[in-house]
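Below, each chain spelled out in residue letters.
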Amino acid sequence: MNLARRALPEDAAEVLRLRQVMIDSLWSGGASGPTQWHAESLPTLRARLTEADGDFAAFVVDRPDRPGALAALAAGTLEYRIGKAGNPHGRVGHVFSVATAPEARRRGYARACMEELLDWFRERGAGHVLLNASPQAEALYASLGFTRDPDPSMRLLL
């Protein structure tokens, strides 16, 4: 029996809560950052979680001790880029949100979510999968076969 399952629209608020856990651990040093954006994001996330055949997926593990609460999350999108050697169809998976509730860590929940997400990418023909890794999570991703990418990334806020 697999621990992880595909997230449903009714999981949206918990998915946002876990995404906030990830954001806070990366950018706030663990301090709680702003959450007012959750209310605006919630309807969009619910709609995306409804699209079973879309280009977005989230996999979660339920908290065994708290019905309705989630312990872990892995979410990503399938993107199209012009093909290249090694990926002629140009399908690229991008993992952008992996989080485990602090009290539920070290139980294999994030791994279970990631394994399901990677299977989802494979089923859709992704040639490779990209992610940004925190130092704390690098060992997990390396154990799943990820390697450091030498290409630097840049960002433009619009």
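Coordinates for the structure precede this section.
Residues numbered from 1 in each chain as written. Predicted model: local features only at pLDDT ≥ 70, side-chain atom pairs only at ≥ 80, totals over all residues. Heavy atoms only, no water.

Undergrad: Would you mind going over the pairing of strand E4 (residues 91–100) in detail, with residue names and values included?
TA: Along a regular strand, successive side chains alternate from one face of the sheet to the other. Burial of E4 is extensive: seven of the ten residues sit out of reach of the surface. As paired elements, strand E3 (residues 70–80) and E4 share nine bridges and run antiparallel to each other. For Leu-78, the partnering residue across the bridge sits in E4 and is Gly-93. Alignment of E4 against strand E5 (residues 128–131), held across four bridges, turns out to be parallel. Among the inter-strand pairings, Val-95 is bridged to a residue of E5, identified as Leu-131. Remark: the E4/helix H3 (residues 109–123)/E5 crossover connection has right-handed handedness. (Buried < 20%, exposed > 50% of the residue type's maximum accessible area, 1.4 Å probe, protein only. Helix = DSSP H or I, 4+ residues; strand = E, 2+ residues; numbered from the N terminus. Pairing = 2+ DSSP bridges. Right-handed = clockwise from strand over helix to strand, strands pointing away.)

Undergrad: How would you summarise the environment of Tyr-141 if you had to cite specific residues and measurements?
TA: Mapped onto the elements, Tyr-141 comes out in helix H4 (residues 138–143). On the basis of relative accessibility, which here comes to 7%, the residue Tyr-141 falls in the buried class. In this structure the C-alpha to C-alpha distance between Tyr-141 and His-89, which are 52 residues apart in sequence, comes to 24 Å. Ignoring any residue separated from it by four or fewer positions in sequence, one finds Tyr-141 in contact with Val-98, Met-114, Leu-131, Ala-133 and Phe-146. (Contact = heavy atoms within 4.5 Å.)

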